[in-house]
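An overview of the molecular structure
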Amino acid sequence: MDIRLDGIGHAYDDFEVMRDIDLEIPTGQIVCIVGPSGCGKSTLLRFIGGLEQPKKGRVLQVGAPPAGCLNPLTYIFQDFALLPWRTVWGNISLVLEDHGIRGAAAKDIIDDVLARTKLSDFAEALPKQLSGGMKQRVAIARALAVKPAVMLMDEPLSALDSQTRELLMDDLVDLWTRQPFTAVYVTHNLAEAVRLGHKVVVLSRRPGQIREVVTIDKPLAAREFSDPDLDRYQKDLWHLMREEARAADAELIHV
Amino acid sequence: MITFNRRKALALMGGTVAASGLAAPALAANKKIKVGALRFTSHSGSFIALERGYFADAGLDVEFEFFQAAQPMAVAIASGDVDYAVTAISGGLISLADKGAIKVIGGALQEEGGIDGQKYLISDAAYQAGIKTLKDLDGRKYAVTQAGSSFHYMGSKMAEAEGITLQFTPLQKVGAIIGAMKSGQVDGWSIVPHIAKPLAAAGAWHMVANVSDYIPNYQVTTVFTSAKNAAEERGQTEAFLNGFKRGVDDYAAAMIDGTADQDAMVELIHKYVYTDRPLEKAAPSIINGTMRLSTGAALNVASVQDQLSWFQSEGLVDSDITLDTLVDSSYVETTGA
Amino acid sequence: MSESSAKPVSFRGGGFAPRSVRWIGVTVFVALILIAEWGTRSGWISALTLPKPSDVLDTFRELYESGLLFKHLGPSLSRLIVGAAIGASVGISVGVLIGLFSYIRSGLVPLVAAIFPIPKIALLPLFVIWFGIGEGSKYALIAFGTFTPTVVATYGAVDNVDRTLIRMGQSFGLSWWSIVRKIVLPGAMPGILSGLRISLAIAIILLVAAEMLGAQYGIGAYILEAGSLYDLERLFAGVLILSLLGVIVSAVIGLIERRLLRWRI
């Protein structure tokens, strides 16, 4: 299933925050969205996920979601959004219960996603016992459990320290390599974008518009930590963004 | 039988000392004292004594302290905030006397044949349901303000005489009881005639008997003071009683015996009672509320003893308490002993 | 820098972190009771001021041995349980509704604010007319008294539920009812429980008021009777029972908190 953004524009009262965004998110690819702070990347992601409605334009699902998909558009949040009163197992079973999946069927799914995210030993742990990286793995496992057509990742690694971030990026690459998934990945971190993105969409500052879409052909599995090819991409992206970022930083907060 | 205990001995000694002191002009004039009162006609003795200058004649500068209920007044006497007051004998009063805080020194309101007294009532709802006599109240709800109040005593004495049992239902305030009687939530009660009659006429309840039929010579209220005043301030206490007695005499002359101007008396009492109503509306209530205040503040000790014994039999007060603990009988004439 | 000019940095942190020290609380209690006992025995505190703690204990023992304790405790506990259960459950429901729906919030928050400061005791005569002098008015008074603090605590707690958790629920397509049941209610539970602590204490306070009218048995009636008889031993014995009731209720809530809120840090 592909996602197509068709002329998305948005404003809060008279204050325009987004203009004319057209974008195609093809199946099996990770599309990273980068941009200076306040460019509306997270808002754009909420439009795609149906948690907010744009003033102009449409978000379209093209084609049917794959068989067995419980929640086609599935979020992963920056602050993990785990229920602190449920165990790792309970947090994953939460999203299955409403689909009537319980008992053995739920166990099969949960065991599978815990294994894929290397959490099998932590099924009974409470979120407060887990490190940030582990929590985000639980959130990823929870997202995988509903077999999403598209994963919507909102700065998923921003709350983590840099070592953990590297580890999780490796994990995400592993996950994708074993079983490619479609994702929209919003970040302000260019290193993450060039490491994980098949395409990197650069948004301008307010009103957010697409500045450029950079395609990175190197296969995900072949990208490495401080890869010179990636560094070049990162440098180019930074050149594109630098002035925008500076201007955005100097802007008064309007809301 | 004379029980001569330590307390009595002390009282006697105190009496002797005070009596010897009386020979001299006892009191400096205008001694300031506080008298506790409720805004009831039964407190008229004090009101008249103040208004007509009888307290001043006795060398006392009296200031009234008004209360909403008898109970806090007794506590105020015990704490020394008030010097003298008139109230019904209640369990609380006896307990405070037992703790050595207060003494009954004289009598006030008394049930007397021939003068309208307190009434036993049956609520209209119960009456319509077939409860026509007090005997029919067996097992029914009988309203009292609190356990150990005079209402409790009156109900209990009646139940004893009728051979019935009552469910005594505490409702704290007379107003709450009137409401509960009107709505038929309680079945029986007793109250002074000026409250009983108008609402009986309005059909809220039925007056079925007089309290005096069940409790003859009932000493309803008494004059009391702190044990300290009774023992050590004999001159002042006698002065107070002298003023109070003259007030009582005036009250009886005007309201009962018809030997003095009733209208002037009603007007005087109206300064203190039913002040929220105009005189012409208050007058009938004041006249209806007329009851005998004991002449010379005489105290019916037999009635007091009966009340004490009842409180003890109900387990409301300590069974060791004797009449001497409660009463200092050295001040006024006692009857029924 | 030479060694002679070196000096240790003086410590200036610490403090501002009170913790509970075992047995201190008990010691304070015991000390106060001993002072009262000594004072009343030596006559330094008059019998009118304070009863002898040992007499209070005797009264309590007599109450227990005569079986009257349970005759008083039974009706009081049932009033407390029924009244508080009605008040708390209605309060939690209304609080959650206020926390979830704009119209209900706009309609009820001012109403709750208006009835919160009413001394519920003042409404007792009204309750007697509405519900009779039987158990009805007592349940109503206690229920009403527990209702308002529970509502306020509950909608505050619902307001404080992490919104991202609710968004998460929505993003996974959870039904409205699932979100309320599995996210809002457990998330609001800490606030609701600490609100319950207060409302149940209020329920115990109101027990005495509720038993002012038409109660022949009950701890409140017992205390009121003792008060009107100026029987300090019984008064204190009754107050002791209320205090114990308060301690027990607090301990039970503590237990529930430990069970339900294990997940908190």
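Computed from a prediction, not measured in an experiment: that's the story for all the values here.

**Describing the interface of chain B and chain C**
The partner chain C presents 20 residues to the 24 residues of chain B that form the contact. In this assembly, chain B packs against chain C so that about 1,700 Å² is buried in total across both faces, 59% of it on carbon and sulfur atoms. Of all residues in chain B, K99, Q172 and Q185 of chain B bury the most surface against chain C, accounting for 32% of the area lost on that side. Linking chain B with chain C are zero salt bridges. Taken together, the links from chain B to chain C amount to eight residue pairs in polar contact (both at pLDDT 80 or more). Secondary-structure elements contributing two or more residues to the side of chain B that touches chain C are α4 (70-79), α5 (91-98) and β8 (167-170) of chain B.

**Quick look at the confidence of the model for chain B**
Residue and element names in this part refer to chain B. Confidence along chain B averages 85 in pLDDT terms, with 91% of residues attaining 70 or more. Of all helices and strands in chain B, the one with the weakest mean pLDDT is helix α1 (residues 6-22) (42), whereas strand β6 (residues 119-123) scores best (93). Confidence drops under a pLDDT of 50 for residues 6-27, and excluding neighbours within four residues, the segment shows 18 contacts in the predicted structure.

**What about the environment of R165 of chain A?**
All names here are of chain A. When you line up the elements, R165 lands in helix α5 (residues 162-178). Looking at R165, the relative accessible area reads 19%, which means it is buried. Counting along the chain gives 32 residues from R165 to G133, while the straight-line C-alpha distance between them is 7.5 Å. In contact with R165, not counting residues within four places along its chain, are L157, S158, L160, N189 and E192.

**Some points on the domain arrangement of chain A**
All names here are of chain A. As assigned here, chain A comprises domain 1 (2-66 + 150-250) and domain 2 (85-148). In this structure, domain 1 and domain 2 have C-alpha centres spaced 26 Å apart. Taken residue by residue, the interface counts twelve residues in domain 1 and ten residues in domain 2. Both sides of the domain 1 and domain 2 interface together cover about 1,000 Å² of buried area, and 64% of this is carbon and sulfur. Counting across the domain 1 and domain 2 interface gives two salt bridges. Among the salt bridges present, the one from R137 reaches D171, with a minimum N-O distance of 2.8 Å. Inspection of the region where domain 1 meets domain 2 yields three residue pairs in polar contact (both at pLDDT 80 or more). Per-element accounting of the side of domain 1 that touches domain 2 gives the leading share, seven residues, to α5.

Definitions and limits used
Residues numbered from 1 in each chain as written. Chains lettered and ligands numbered in written order. Predicted model: local features only at pLDDT ≥ 70, side-chain atom pairs only at ≥ 80, totals over all residues. Heavy atoms only, no water. Contact = heavy atoms within 4.5 Å. Buried area = accessible area lost by both parts, 1.4 Å probe. Salt bridge = Lys/Arg side-chain N within 4 Å of Asp/Glu carboxyl O. Polar contact = N/O pair within 3.5 Å; in protein donor to acceptor, adjacent residues only side chain to side chain. Helix = DSSP H or I, 4+ residues; strand = E, 2+ residues; numbered from the N terminus. pLDDT = per-residue confidence, 0-100. Buried < 20%, exposed > 50% of the residue type's maximum accessible area, 1.4 Å probe, protein only. Domains from an automatic or database assignment.

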